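Results of the structural survey
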Amino acid sequence: MQPIRLGLVGYGKIAQDQHVPAILANPVFQLVSVATQGQPCAGVENFRSLGELLENGPQVDAIAFCTPPQGRFALVQQALAAGKHVLVEKPPCATLGEAMALVDQVREQGVSGLFAWHSRYAPGIEAARDWLASRTLQSVKIDWKEDVRKWHPGQAWIWQPGGLGVFDPGINAFSIVTHLLALPLFVESAELRVPSNCQSPIAASIKMSDAQHLDVRAEFDFDHGHDELWSIEIRCTEGLLRLDNGGAVLSIDGVRQTVSQEGEYAAVYRHFQQLIADQASDLDLQPLRLVADSFFLGSRTLVEPFYD
Ligand SMILES: NC(=O)C1=CN([C@@H]2O[C@H](COP(=O)(O)OP(=O)(O)OC[C@H]3O[C@@H](n4cnc5c(N)ncnc54)[C@H](O)[C@@H]3O)[C@@H](O)[C@H]2O)C=CC1
Ligand SMILES: O=C1O[C@@H]([C@H](O)CO)[C@H](O)[C@H]1O
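Residues numbered from 1 in each chain as written. Chains lettered and ligands numbered in written order. Predicted model: local features only at pLDDT ≥ 70, side-chain atom pairs only at ≥ 80, totals over all residues. Heavy atoms only, no water.

Looking at an unreviewed UniProt entry, one finds the protein named Galactose 1-dehydrogenase, with Pseudomonas rhizophila as its source organism.

This part takes up the overall build of the protein. Secondary structure assignment for the protein yields nine helices and 15 strands. Computed over its C-alpha atoms, the radius of gyration of the protein comes to 19 Å, within 12% of the 19 Å expected for a compact globule of 308 residues. Counting over 308 residues, the protein shows a buried share of 51%. If you sum the accessible surface of the protein, you get close to 13700 Å²; carbon and sulfur atoms cover 51% of it. (Helix = DSSP H or I, 4+ residues; strand = E, 2+ residues; numbered from the N terminus. Rg over C-alpha atoms; globule rule 2.2 N^0.38 Å. Buried < 20%, exposed > 50% of the residue type's maximum accessible area, 1.4 Å probe, protein only. Areas by Shrake-Rupley, 256 points an atom, 1.4 Å probe, with all protein chains shown as cover.)

Nonpolar side chains in soluble globular proteins tend to be buried together. Residues Ile142, Phe167, Ile206, Met208 and Phe220 are the most contacted members of the largest nonpolar core, which totals 75 residues. The element best represented in this core is helix α7 (residues 167-180), accounting for seven residues. Ranked by size, the runner-up nonpolar core spans 27 residues in total, among them Cys41, Tyr121, Ala267 and Phe272. (Core = buried A, V, L, I, M, F, W, Y, C linked by side-chain atoms within 4.5 Å.)

Here the focus is the packing of helix α5 (residues 125-132) against α7. Axis separation between α5 and α7 bottoms out at 9 Å; the angle between their running directions is 40 degrees. Relative to α7, the element α5 lies oblique. Packed against α5, whose contacting residues are Ile125, Glu126, Ala128, Arg129 and Leu132, the element α7 presents Ile176, His179 and Leu180 at the interface. Of the residues contributing to the contact of α5 with α7, the split by class is five nonpolar, one polar and two charged. (Axes fitted to C-alpha atoms, helices over the stretch in contact; angles between N-to-C directions. Parallel < 35°, antiparallel > 145°, perpendicular 65-115°, else oblique. Contact = heavy atoms within 4.5 Å. Nonpolar A, V, L, I, M, F, W, Y, C, P; charged D, E, K, R; others polar.)

Residues in contact with ligand 2, as listed here, are Lys90, His118, Glu146, Trp151, His152, Asp168, Pro169, Asn172 and Trp230. Between ligand 2 and His118 there is a distance of 2.8 Å, counted from an oxygen atom to a side-chain nitrogen or oxygen. Take Glu146: an N or O atom from its side chain is 2.4 Å from an oxygen atom of ligand 2. Look at ligand 2: alone it shows 310 Å² of surface, and the protein chains cover 81% of it. Residues of the shell around ligand 2, tallied by class, amount to three nonpolar, three polar and three charged. (Near = heavy atom within 4 Å. Polar contact = N/O pair within 3.5 Å; in protein donor to acceptor, adjacent residues only side chain to side chain.)

Around ligand 1, a shell composed of 26 residues is seen, among which Arg72, Lys90, Trp151, Gln155 and Asp168 lie nearest. Here Gln37 contributes a backbone N or O atom positioned 3.4 Å from an oxygen atom of ligand 1. A distance of 3.1 Å is found between an oxygen atom of ligand 1 and a side-chain nitrogen or oxygen belonging to Trp157. Bound to the protein, ligand 1 loses 84% of the 830 Å² it would expose on its own. Of the residues belonging to the shell around ligand 1, the class tally is 12 nonpolar, nine polar and five charged.

Along the chain, the position of Asp147 falls in the loop between β7 (137-145) and α6 (148-151). On the basis of relative accessible area, Asp147 is assigned to the buried category, the value being 13%. Those residues in contact with Asp147 that sit more than four places away from it in its chain are Phe222, His224 and Gly225.

With that settled, consider unusual backbone geometry. In this structure, Pro91 follows Lys90 across a cis peptide bond, with omega equal to -20 degrees. For Pro91, the position within the fold is in the loop between β5 (85-89) and α4 (96-109). Phi is positive for Asp253, which is not a glycine, with a value near 50 degrees. Residue placement: Asp253 occurs in the loop between β13 (249-252) and β14 (255-256).

Turning our eyes to something else, we now look at the confidence of the model for the protein. Summarising the model, the protein shows a mean pLDDT of 97, and 100% of its residues fall at 70 or more. When pLDDT is averaged over each element of the protein, β5 comes out on top at 99 and α6 at the bottom at 96. Here the predicted complex carries an ipTM of 0.99, next to a pTM of 0.98. (pLDDT = per-residue confidence, 0-100.)

The structure is reproduced here in C-alpha cells:
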C-alpha cells in the first residue's frame, strides 16, 4: 500500500522534537518535503514557502503545520485549496473565527483535517476518561506551570498578539479537561498577569464551571522554573483522580494506574492516518473557545517585564 506522502510546514522546535521522529517511526507516512523559514530538514526537499512546496516539490497527499499560530490560517487554507489533508498543531489558529472557518473549509474540500490537541493523547487520558464516566464529580484543580525559556527559547511570537503567552501550554490542560468532562465548561472569571513589555500573559488564574456548577480552577505559570508541574486533580464522591506529567501518569486514590505505552505524537499520527482512511475529520474548537473566553473576561494586571 502506498504511504501517505507528507509535507511539513515550520521545521522548528516541535517539528524537530516530536513530529519528524513520530513520522519517521510510522511506515504509513513518508515525509517528502518541508517548507520552513529557519534551518532546513535533512533528508527531504526543502522550500522557503508552502507555495513553492506545492508548486515545485514532489507530490504530497497531506500537510502537517508546525508554524506559530499567527499566519497559520492562510497557510492551511492554501493547503486545503490544493486538496490536501491537514494536521494542524495547537492552537489551530490565532483566532477562534479563523479556526471556525477552517472547520467549514475542511468539510467543503472533502479532505481530512485534524486539530492536533497533543495532550489528549497522553498515556493516562483514556483510562482517566473511562474511570470518570461513572463517577460523580465535585471539583477540578488544574496546575499547568513550566519554564518558557526551556520550551520556547527565543520565540518572540509567543508574546505577541495571537501568540497566547502562558495559554500556549495552558490550552493543553483545557484540551484534556474538555475531553474528560461530559458537559461544556464556561469561564466565570480570569486574572491575566501580563509583563509590561509583552502583549500576552505570563501567568493566569481561571475559574470555570459547567451546567451542574462544577468548580473548576486553573493556575497557569510560564515562569515556573526548570521542573514542570502539569497536573489535574479531579475530586469525585467515589474517590480522587490525579493526572501528572501532562497526563502521562494516572493515579486513583493515590494508587498509580497502568496506562498506555504509546507516546503522544505517535498516537496523534496514528489518529491522523485513521481519519484519512475513514474520510473523516477531528476538529474540536472547545479548548480554543475557553482561551478566547479567558481573554474576553480576564482582568489584566501588568507585572515586571519579561526577558528571555
Ligand atoms: N515548543 C514546544 O514545546 C511545543 C510547541 N507546540 C506548538 O507548535 C507550534 C510551533 O511551536 P514551536 O515549534 O515551539 O515554534 P518555533 O518558533 O520553534 O518553530 C516555528 C517554525 O515555523 C517556521 N515558520 C514560521 N512562519 C513560517 C511560514 N510562513 N512558512 C514556513 N515556515 C514558517 C519558523 O521558521 C520556525 O522554524 C506552536 O503552535 C506551539 O504551540 C506544540 C507542542 C510543544
Ligand atoms: O504545547 C505545548 O507543550 C508545552 C511543552 O512542550 C510540554 O509538552 C509547550 O510549552 C507548549 O507549546
